[in-house]
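# Examination of the molecular architecture
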Amino acid sequence: MIKSFKQTFLSLDLQSPRWSSAETMAKDYELRQYETAKWVSTVIRGETQKEAMRQGFWKLFHYIQGKNEKEMKIDMTVPVTCLIKSGCTDFKISFFVPFEHQDSPPQPTDSDVFIEERKAAAIFVRSFGGFASPEKYAEEAEVLARILRNRGQPFHEDFFYTAGYDSPFKLFNRHNEVWYFKK
């Protein structure tokens, strides 16, 4: 399993959801228009965010390694997202479903894993580097929320997503994001 884990994450050409830049913003954030897309997800309840990410990642990794109704291996994609809701200890971790499986993704065989369709949405995005901890994601989300409030931008304040793009083996030039959905 470790070999396939490393091989999966050392690939440089990972698919990601389609989006276009809705507006060019200041250097501190951007507004993207994401297309409708399917994601494979799992919800981890009652754990720390870090532990939820670990458990959720492995459930989803097993799905793409063949723990699905077709016993099919599916390419890794980016980003790995985590839904953070204010005052809630449930965390939804998700992988984007590759384009070749968007129309009919293999159904998970783990009852905790499910396919969801995220509708097209305008999303405010703040990017940052380094190794992202739950504390760093929360800090960047608060910075983005403050900027959006100060600029009078309407957004859903009761939740945000974290988005990680890099394997744990990548040491430099790491890319992370926090997302708030525009109202």
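Residues numbered from 1 in each chain as written. Predicted model: local features only at pLDDT ≥ 70, side-chain atom pairs only at ≥ 80, totals over all residues. Heavy atoms only, no water.

### Here we look at the confidence of the model for the chain
Summing up the model confidence of the chain, the mean pLDDT is 91 and the portion of residues at 70 or higher is 92%. Low confidence marks residues 1-11, where pLDDT is under 50. Its contacts with residues over four positions away, or in another chain, come to 20 contacts. (pLDDT = per-residue confidence, 0-100. Contact = heavy atoms within 4.5 Å.)

### Thoughts on the pattern of salt bridges
Evaluation of the coordinates by the stated rule reveals 18 salt bridges. The residue K59 makes a salt bridge to D112 at a minimum N-O spacing of 3.1 Å. Placement of K59 in helix α2 (residues 49-64) and of D112 in the loop between β5 (90-96) and β6 (113-118) is noted, with a sequence separation of 53 residues between them. Assessed through its relative accessible area of 22%, K59 is described here as partly exposed. With relative accessibility at 39%, the residue D112 sits in the partly exposed group. Put simply, R126, K136, E139 and E140 are held in one network by salt bridges that share partners. (Salt bridge = Lys/Arg side-chain N within 4 Å of Asp/Glu carboxyl O. Helix = DSSP H or I, 4+ residues; strand = E, 2+ residues; numbered from the N terminus. Buried < 20%, exposed > 50% of the residue type's maximum accessible area, 1.4 Å probe, protein only.)

### As for helix α3 (residues 134-150)
Taking 1.5 Å of rise per residue, the 17 residues of α3 would be expected to cover 24 Å, and the 24 Å separating its terminal C-alpha atoms lies within 8% of that figure. When we look at burial in α3, the residues that qualify are Y137, E140, A141, V143, L144, A145, I147 and L148. Tucked into the core, α3 has its buried residues touching α2, β7 (121-128), β8 (159-164) and β9 (176-181). Just past α3, the residue G152 takes up positive phi, approximately 70°. (Expected span 1.5 Å × (residues − 1).)

### Concerning the pairing of β7
Within β7, seven of the eight residues are buried, which leaves the element mostly enclosed by the surrounding structure. Here five bridges tie strand β2 (residues 30-34) to β7, and the two strands are oriented antiparallel to one another. Note that in β7 the partner of L31 across the bridge is F124. (Pairing = 2+ DSSP bridges.)

### Notes on the environment of K73
You can see K73 is positioned in the loop between α2 and β4 (80-85). Between the alpha carbons of K73 and Y63 there is a distance of 8.0 Å; along the sequence they are 10 residues apart. At 3.4 Å, the side chain of K73 forms a polar contact with the side chain of Q65. (Polar contact = N/O pair within 3.5 Å; in protein donor to acceptor, adjacent residues only side chain to side chain.)

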